[in-house]
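Given next are the chains, with one letter for each unit.
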Protein chains: 2
Amino acid sequence: MKHAPLIAQNHMRCADCAIRHKAVCAYCEPPELAKLDAMKSYRTFQAGETIVWAGEEVDVLGSVVSGVATLSRTLQDGRRQMVGLLLPSDFVGRPGRRKAPYDVVAANEVMICQFLKPKFEALVSATPALERRLLDMTLDELDAAREWMLLLGRKTARERIASLLVIIARRDAALSSTTVGDGLRFALPLTREAMSDYLGLTIETVSRQISALKKSGIIILEDSRHVRVPDYVALLDEAGDDSDGGFIS
Amino acid sequence: MKHAPLIAQNHMRCADCAIRHKAVCAYCEPPELAKLDAMKSYRTFQAGETIVWAGEEVDVLGSVVSGVATLSRTLQDGRRQMVGLLLPSDFVGRPGRRKAPYDVVAANEVMICQFLKPKFEALVSATPALERRLLDMTLDELDAAREWMLLLGRKTARERIASLLVIIARRDAALSSTTVGDGLRFALPLTREAMSDYLGLTIETVSRQISALKKSGIIILEDSRHVRVPDYVALLDEAGDDSDGGFIS
DNA sequence: CTATTACCTTGATCTCGATCAAGGTAATAA
DNA sequence: TTATTACCTTGATCGAGATCAAGGTAATAG
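Residues numbered from 1 in each chain as written. Chains lettered and ligands numbered in written order. Predicted model: local features only at pLDDT ≥ 70, side-chain atom pairs only at ≥ 80, totals over all residues. Heavy atoms only, no water.

K.L.:
Tell me about the sheet that holds strand 8 (residues 91–92) of chain A, and please be specific about residues and values.
P.N.:
Residues and elements named next belong to chain A. Sheet architecture is open: four strands sit in the order 3-10-5-8, paired in antiparallel fashion. Strands at the two margins of the open sheet, each flanked by one partner only, are strand 3 (40–45) and strand 8. Pairing geometry for strand 5 (residues 60–66) and strand 8, over two bridges, is antiparallel. Among the inter-strand pairings, Ser63 is bridged to a residue of strand 8, identified as Phe91. (Pairing = 2+ DSSP bridges. Helix = DSSP H or I, 4+ residues; strand = E, 2+ residues; numbered from the N terminus.)

K.L.:
Describe in detail the relation of the copies chain A and chain B, supporting the description with residues and values.
P.N.:
The two chain copies are related to each other by a rotation about an axis together with a translation along it. Its rotation angle being 180°, the transformation that places chain A on chain B also includes 0.0 Å of axial translation and leaves an RMSD of 0.0 Å. On this basis, the relationship between the two copies can be described by a two-fold rotation axis. The residues that chain A uses at the interface reappear at the interface of chain B in 100% of cases, marking a shared surface. (Least-squares fit on C-alpha atoms with pLDDT ≥ 70 in both. Contact = heavy atoms within 4.5 Å.)

K.L.:
I'd love a proper account of unusual backbone geometry, names of residues and values included.
P.N.:
Residues and elements named next belong to chain A. Even without being a glycine, Ser89 presents a positive backbone phi close to 90°. By the secondary structure assignment, Ser89 is in the loop between strand 7 (80–86) and strand 8. On the basis of relative accessible area, Ser89 is assigned to the buried category, the value being 5%. (Buried < 20%, exposed > 50% of the residue type's maximum accessible area, 1.4 Å probe, protein only.)

K.L.:
Break down helix 5 (residues 157–176) of chain A for me, with residues and values.
P.N.:
Given 3.6 residues per helical turn, the α-helix brings residues three or four places apart onto the same face. In this model helix 5 of chain A runs 29 Å from its N-terminal to its C-terminal C-alpha over 20 residues, within 8% of the 28 Å that 1.5 Å per residue would give. Counting buried residues in helix 5 of chain A gives 15 out of 20 residues, a clear majority hidden from the surface. (Expected span 1.5 Å × (residues − 1).)

K.L.:
Can you break down the sheet that holds strand 13 (residues 226–229) of chain B residue by residue, with the values?
P.N.:
Backbone-to-backbone hydrogen bonds pair the strands of a sheet. The strands run either parallel or antiparallel. Residue and element names in this part refer to chain B. Here three strands make up an open sheet; going across it, the order is 11-13-12 and the pairing antiparallel. Looking along the sheet, the strands with just one partner apiece sit at the ends: strand 11 (184–187) and strand 12 (220–223). Between one strand axis and the next, the sheet turns through 20° on average, direction left out of account. Here strand 12 pairs with strand 13 via three bridges, running antiparallel. Bridge pairing links Asp223 to His226 in strand 13. (Axes fitted to C-alpha atoms, helices over the stretch in contact; angles between N-to-C directions.)

K.L.:
Quick one: what's the story with helix 7 (residues 203–215) of chain B, residue by residue and with numbers?
P.N.:
All names here are of chain B. Taking 1.5 Å of rise per residue, 13 residues should cover 18 Å, and helix 7 covers 18 Å from first to last C-alpha, within 8% of that figure. Those residues of helix 7 that fall on the buried side of the exposure criterion are Val206, Ile210 and Leu213. Summarising the axial view, the buried residues of helix 7 lie within an arc of 60°, below the 170-degree limit, and thus occupy one face. Among the exposed residues of helix 7, those oriented more than 90 degrees off its buried face are Arg208 and Lys215. As for helix 7, its buried residues are in contact with helix 5 (157–176), helix 6 (192–199), strand 12 and helix 8 (232–238). (Arc of directions from axis to C-beta.)

K.L.:
Before we move on, could you go through the packing of aromatic side chains and cite the residues and values that matter?
P.N.:
All names here are of chain A. Using the criterion set out here, one finds six aromatic pairs over all chains in the structure. Where Phe115 meets Phe120, the ring centres are 5.5 Å apart and the plane angle is 25°; that geometry is what we call stacked. Phe120 sits in the buried class, given a relative accessible area of 0%. Following the ring pairs from residue to residue traces out a cluster consisting of Phe91, Phe115 and Phe120. (Phe/Tyr/Trp six-rings, centres within 6.5 Å; stacked < 30°, edge-to-face > 60°.)

K.L.:
Please give an account of the protein's contact with DNA strand C that cites residues and values.
P.N.:
Close contacts around DNA strand C come from 18 residues, with Arg192(A), Ser211(A), Ala157(B), Thr205(B) and Arg208(B) the closest. When the atoms of DNA strand C within 4 Å of the protein are grouped by moiety, sugar and phosphate amount to 62% of the total. In the environment of DNA strand C, a phosphate oxygen lies 3.3 Å from a nitrogen or oxygen atom belonging to the side chain of Arg225(A). At five residues, helix 7 (residues 203–215) of chain A tops the list of elements feeding residues into the surface near DNA strand C. Its residues assigned to classes, the surface near DNA strand C shows four nonpolar, eight polar and six charged. (Near = heavy atom within 4 Å. Polar contact = N/O pair within 3.5 Å; in protein donor to acceptor, adjacent residues only side chain to side chain. Nonpolar A, V, L, I, M, F, W, Y, C, P; charged D, E, K, R; others polar.)

K.L.:
How would you sum up the confidence of the model for chain A? Please name residues and give values.
P.N.:
All names here are of chain A. With 81% of its residues at a pLDDT of at least 70, chain A reaches an overall mean of 85. Below a pLDDT of 50 lies the segment residues 1–12, which in the model reaches 35 contacts outside its immediate sequence neighbourhood of four places, other chains included. Contacts for the low-pLDDT stretch residues 245–249, under 50 throughout, to residues beyond four places or in other chains number six contacts. (pLDDT = per-residue confidence, 0-100.)

K.L.:
Talk me through the interface of chain A and chain B; I want residue IDs and the actual numbers.
P.N.:
Taken together, the 47 residues of chain A in the interface contact 47 residues of chain B. Of the roughly 4,400 Å² buried between chain A and chain B, counting both surfaces, carbon and sulfur atoms make up 52%. For Glu131(B), the salt bridge goes to Arg132(A), with nearest N and O atoms at 3.1 Å. Counting the contacts that link chain A with chain B gives 27 residue pairs in polar contact (both at pLDDT 80 or more). Looking at the side of chain A that touches chain B, the elements that each hand over two or more residues are strand 6 (69–74), strand 7, helix 4 (128–154) and helix 6 (192–199) of chain A. The element that contributes the greatest number of residues to the side of chain A that touches chain B is helix 4 of chain A, accounting for 20 residues. Along the lines of polarity and charge, the residues of the side of chain A that touches chain B split into 17 nonpolar, eleven polar and 19 charged. (Buried area = accessible area lost by both parts, 1.4 Å probe. Salt bridge = Lys/Arg side-chain N within 4 Å of Asp/Glu carboxyl O.)

What follows is the structure in structure tokens.
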């Protein structure tokens, strides 16, 4: 069982399953790891497939191994708002809760490494450090949600798009150890529709604002799903947000 | 040490300090309560006073005893978004975190029962059930934040006002054991400005939409800070939200 | 090869909530 | 008493983003 550090993340890679489980790897010791190893299983979902329906009882917990999943709530009349984005290494599921409060949908092909809830929770109960880790992760999610509230309540369409690009760039860089150098390059793992759901906008506005950022030279579109950012600081500036000026060491 | 149940809440009243500490009372046993009792202190803040500044290091944790406090984030240019509302019994502070990520401001006169962080955290570490309780509370906060994201991203001004009224009515009813009967009556603990910060609107829009709800007969304004709701279900309907149809048993 | 489908872009117009502006009300100070 | 201050309401106008509409592009199916 080897652990390798991940850039700017306080969790480690579980060598055996080649996934970064944020929840279980930061503090777990080999004996716990071995137990987790014995109870895990993999599951794959196609793009667009619903992983969990809102209101449904869920009996698994796990981590996203690859792909992107979204958490969203829908009003009766169809208005939809994404409330979370799950990227590789993110934790899926709510320890101690039976029902899902929102839909979990695969944005593209998603692989999940899952544990049966009762077994996982038994291990958590027996491992205080894991419990603390779950609290820590949930606080991070809460911070992210509140940051998004600021975006949804007060930012302009242009700022919202820039903020989303910053988040995607950041996560992408963290996973692939990209250096800033002369520009970042990354893929957009979301359709325009998914972006609009996340940003509280319409598809058309998302498309227009991306075009506008392109026209301003803030981003370069290789194609509709691949972006280059010649000047990361300029993009950050467009996001209108002082928080986390330089996450990339 | 007596504990009395609170309507629809899984926490109990700490008889000795006459506060409902959501965090510490649900699972704590008399010995822990006694320890907490020995380390607590009270502090009062005037309306408008900032309890914690964003970015500041915070060395206390506690509960709101009376009054209302707000959590908010501000953009450099002054745009402000409230990201949380703290009502009596709500927990203040972030276990395991040093700095505050947002301002905590007293909306009116607020009393807080506080514990020094190191002592509180030592007790938490020694009391696994408390750790779990903190996780549970944080998950509740996360759910609330995400529900608010739906509001900020997709609801109309009228729906936002109605949703806020529902939340205040619900909390008010939970604290004062009001029955629905022929109408609810409650005070608005926030100024129009604070409401606009919470709802991602302007003061003027808040005022106009409250007037509109009044004109529609959904609410009756006794004065600008006191509301009567003749038909709670009608208000719920205006909020455009199916969740929690009947929280009052 | 064409047809279908899913996704993206751009233009024209409309609308809800923001902005600008003017008073109104009630509490405290002078 | 009047003045000041803080808060709330309402009207007029404006504008960012929604809505309606029409194509465009690229992948897969037939």
